[in-house]
Amino acid sequence: DSGVTQTPKHLITATGQRVTLRCSPRSGDLSVYWYQQSLDQGLQFLIQYYNGEERAKGNILERFSAQQFPDLHSELNLSSLELGDSALYFCASSASGEPKETQYFGPGTRLLVL
Amino acid sequence: AQSVSQHNHHVILSEAASLELGCNYSYGGTVNLFWYVQYPGQHLQLLLKYFSGDPLVKGIKGFEAEFIKSKFSFNLRKPSVQWSDTAEYFCAVNARAGGFKTIFGAGTRLFVKA
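All values derive from a computational prediction rather than experimental measurement.

Here is what the cut-offs are and how they apply
Residues numbered from 1 in each chain as written. Chains lettered and ligands numbered in written order. Predicted model: local features only at pLDDT ≥ 70, side-chain atom pairs only at ≥ 80, totals over all residues. Heavy atoms only, no water. Pairing = 2+ DSSP bridges. Helix = DSSP H or I, 4+ residues; strand = E, 2+ residues; numbered from the N terminus. Axes fitted to C-alpha atoms, helices over the stretch in contact; angles between N-to-C directions. Disulfide = S-S within 2.5 Å. Buried < 20%, exposed > 50% of the residue type's maximum accessible area, 1.4 Å probe, protein only. Contact = heavy atoms within 4.5 Å. Buried area = accessible area lost by both parts, 1.4 Å probe. Salt bridge = Lys/Arg side-chain N within 4 Å of Asp/Glu carboxyl O. Nonpolar A, V, L, I, M, F, W, Y, C, P; charged D, E, K, R; others polar.

Asker: Before we go on, may I ask you to explain the sheet that holds strand β1 (residues 5-7) of chain A in this structure?
Answerer: Sheet strands line up and pair through hydrogen bonds in the backbone, either parallel or antiparallel. All names here are of chain A. Strand order in the open sheet made by the four strands is β1-β3-β8-β7, with antiparallel pairing throughout. Pairing within the sheet leaves two strands with one partner each, and these edge strands are β1 and β7 (64-68). Sheet twist, expressed as the mean angle between neighbouring strand axes with direction ignored, is 15°. Both β7 and strand β8 (residues 74-78) contribute to a ladder of five bridges, which runs antiparallel. Considered in β8, the bridge of Gln67 is made with Glu75.

As structure tokens, then:
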């Protein structure tokens, strides 16, 4: 167990809908990362937060947004869902978001868009 | 664009065989290099990492990796694999040149026959 929790574990929804994925980092970690893992694209970095502020942005679509709250949990919002958004979404956390730090990954949320 | 290449998508070995998984990256300059592993049904976890010093890095469970700057490579090795090493292995890199966003390779699925 990495100490990072993600809810829900599985999510099935329809095209055009909006969903929210939730992540709680390890106790004491200030930085949260979101990744998308799909069969054709592998593990893609989406976005990183540190202590409530966006720190780095990757290949995140405009339909997707995220935030980190004062209690340090984070939410990834996916809207106007398309079939191609079906993937495993991972959250990871690290102590202070520095590049050399180990990232601790959660179990992921599997999203299926029908 | 920066990229991370893992040469083998699938590797099948017998127990006690030696393992070498290739990883090449396209960043110039200073890099931070990681190998993560995902055992069946478990979350991604760190095997080892390198950011400076001795280019031969030792990690958990008998794994090691060698950073060869001239070849832009960070290959993972284990002298004698066990059935319990069956997992998916991911090479990951971040660098100043890429804004320190962590880029993952596509992963290598290792199956060890008992």
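Asker: Any chance you could explain the state of the cysteines here in plain terms?
Answerer: Between two cysteines, a covalent bond joining their sulfur atoms is known as a disulfide. Residue and element names in this part refer to chain B. Overall, the coordinates contain two disulfides over all chains when judged by the stated rule. Each sulfur in the disulfide pair Cys23 and Cys91 lies 1.9 Å from the other. Between Cys23 and Cys91, the disulfide has an S-S torsion of -65° and is therefore left-handed. Of this pair, Cys23 sits in the loop between β3 (19-21) and β4 (24-25) while Cys91 sits in strand β10 (residues 87-95), placing them 68 residues apart in sequence. Across the pair, Cys91 and Cys23 agree in class, each one buried.

Asker: Even after reading the chapter, I still don't get the pairing of strand β5 (residues 42-50) of chain A, so can you show me in this structure?
Answerer: Two faces make up the sheet, and in a regular strand the side chains alternate between them. Residues and elements named next belong to chain A. Within β5, seven of the nine residues are buried, which leaves the element mostly enclosed by the surrounding structure. Between strand β4 (residues 31-38) and β5, which pair antiparallel in sequence order, lie three residues. Note: β5 against strand β6 (residues 53-57), four bridges, orientation antiparallel. Each residue of the ladder has a partner; that of Ile47, found in β6, is Lys57. With antiparallel pairing between neighbouring strands as the criterion, β5 and β6 make up a hairpin whose turn holds two residues, including Asn51 at a positive phi of roughly 50°.

Asker: What am I meant to see in the interface of chain A and chain B here?
Answerer: One frequent convention defines the size of an interface as the accessible area lost when the parts assemble. The partner chain B presents 15 residues to the 18 residues of chain A that form the contact. Taken over both partners, the interface formed by chain A and chain B buries close to 1,500 Å², and the fraction arising from carbon and sulfur atoms is 60%. Broken down residue by residue, the surface that chain A buries against chain B is led by Leu43, Pro99 and Lys100 of chain A, which jointly contribute 37%. On inspection of chain A and its partner chain B, the count reaches zero salt bridges. Contributions of two or more residues to the side of chain A that touches chain B are made by β4, β5 and β6 of chain A. A class-by-class count of the residues in the side of chain A that touches chain B yields eight nonpolar, six polar and four charged.

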